[in-house]
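What the coordinates show
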Amino acid sequence: MLYSLAANVAFAHYPKTAGSAIADWFRRSFPDARYVKSGHPHVNVCRSLAWLSGGRSLPPLKRVRYLARASNWRLPSPPQPELPSRIRIIGVVREPLEMLASLYEYWRRDARNPNPRDRLVTAAWEGRFADFVGEAIGGRLPPYTTFFNAGGPAWPNTRLLDFDDVEEGLRRACREFGLDVAVDLPRKNCGPVSGRSLEPYARAAEPLSASLRHHFRWYHDTYDHADHPAARRRPLVRAAA
């Protein structure tokens, strides 16, 4: 997660949701921007807030477990216990099948497996889309409500943008947060989307369609049917249960 203390705003990067472009914009817009932990761009909100607050954002038992790990004490800046309840968070969500197809294609671009130790990357690089989807929804890729910590301390100040309207959604979020910055996103890490059909991917994943929908049920049941603008769409806590 990228964050700026000066602007009191952070960006939580879910894979293949225009994250590289937004991260580039975020660093240009907020000079003090830094990752919560260097080399960890896709860390979920719960863990990021735990690192920022020295574990204070966690329930008591999880806080004890957090403090028992020595690695959690080696952080780039002193913990700020009050930060999770006041920081504003921006994130992006994308139609799940489209997001998974994009991620699958991204990891198959190289001539060799880019990360053989990661089972999800290996499932994408080695073969069938259905196997990759199975790994993703089997625990290797969290649903949006888990990644963005639905109901957590920063939830009231979290804005999830629609991938298909991300630039305008980002402008709305910035206006709402009182951030006077220009929004102009570059194209980064974009696959060949012109004319691409998702039908082959939908057919390949058909045996897992019910499980896929269940894994991303909040997106289909709540977010995708919201009446208010994308910049204000937030999952209900009960929908995350």
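Data block above holds the structure.
Here goes a summary of the coordinates provided.

Each value, and the rule that gives it
- By convention here, each chain's residues receive numbers from 1 onward along its written sequence.
- Only residues with pLDDT of at least 70 are given local features in this predicted model, and only at 80 or more are side-chain atom pairs given and counted; all residues enter the totals for whole chains, interfaces and linings.
- Calculated side-chain values reflect all of the structure's heavy atoms, with hydrogen atoms and water omitted.
- For two strands to be treated as a pair, DSSP must find no fewer than two bridges joining them.
- The helix and strand labels rest on DSSP assignments: H or I over at least four residues marks a helix, E over at least two residues marks a strand, and numbering proceeds from the N terminus.
- In what follows, a contact means two residues having at least one pair of non-hydrogen atoms within 4.5 Å.
- Throughout, an axis means a line fitted to C-alpha atoms (over the contacting stretch in the case of helices), and angles, computed between N-to-C directions, take values from 0 to 180 degrees.
- Centres within 6.5 Å make a pair out of two Phe, Tyr or Trp rings, where for Trp the six-membered ring is used; the pair is then stacked when the planes are under 30 degrees apart, edge-to-face when over 60, and tilted otherwise.
- Per-residue accessibility, obtained with a 1.4 Å probe over protein chains only, is compared with the maximum for each type, and a residue is labelled buried under 20%, exposed over 50%, and partly exposed between these values.
- Note on geometry: a ring has a charge over it if NZ (lysine) or CZ (arginine) is within 6 Å of the ring centre and within 35 degrees of the ring normal.
- A helix is expected to reach a length of 1.5 Å times the quantity of its residues less one.
- Each polar contact in these results corresponds to two N or O atoms within 3.5 Å; when the atoms are within protein, one needs to be able to donate a hydrogen and the other to accept it, and residues that are neighboring in sequence are counted only if both atoms are side-chain atoms.

Another aspect to go through is the sheet that holds strand β2 (residues 9-11). The strand order across the open sheet built from five strands is β3-β1-β2-β4-β5, with neighbouring strands paired in mixed fashion. In this open sheet, the two edge strands, each paired with only one partner strand, are β3 (34-35) and β5 (158-162). Here two bridges tie strand β1 (residues 2-4) to β3, and the two strands are oriented antiparallel to one another. From the neighbouring strand, Y3 faces β3, where its bridge partner is R34. Docked against the sheet, helix α9 (residues 166-177) engages β2, β4 (88-93) and β5, running at close to 160 degrees with respect to β5.

Another point: the packing of aromatic side chains. Evaluated as defined, the whole model comprises 17 aromatic pairs. On the basis of an interplanar angle of 75 degrees and a centroid distance of 6.2 Å, the ring pair of W25 and F26 is categorised as edge-to-face. Judged by its relative accessible area of 1%, W25 falls in the buried class. Consider the rings of Y104 and Y201, whose centres lie 6.2 Å apart with planes at 80 degrees: the pair is edge-to-face. Here Y104 is found in helix α5 (residues 96-107), whereas its partner Y201 is found in helix α10 (residues 199-204), with 97 residues between them in sequence. The exposure classification of Y104 matches that of Y201, with both residues buried. Here the aromatic residues Y14, Y144, F147, F148, F216, W218, Y219 and Y223 are joined through ring pairs into a cluster of three or more. For the cation-ring pair, R94 lies above F163, with the distance from its terminal atom to the ring centre recorded as 3.9 Å.

Taking 1.5 Å per residue as the helical rise, α5 with its twelve residues ought to reach 16 Å, and the 17 Å between its terminal C-alpha atoms agrees with that figure. Buried residues dominate α5, accounting for ten of its twelve residues. Among all positions of α5, only P96, L97, E98, M99, L100, A101, S102, L103, Y104 and W107 are buried. Buried residues along α5 sit against α6 (119-126), α7 (129-140), α8 (144-147), α10, α11 (209-215) and α12 (217-221). If you check the start of α5, you find a side-chain oxygen 3.0 Å away from the backbone N of L97, and it comes from E95.

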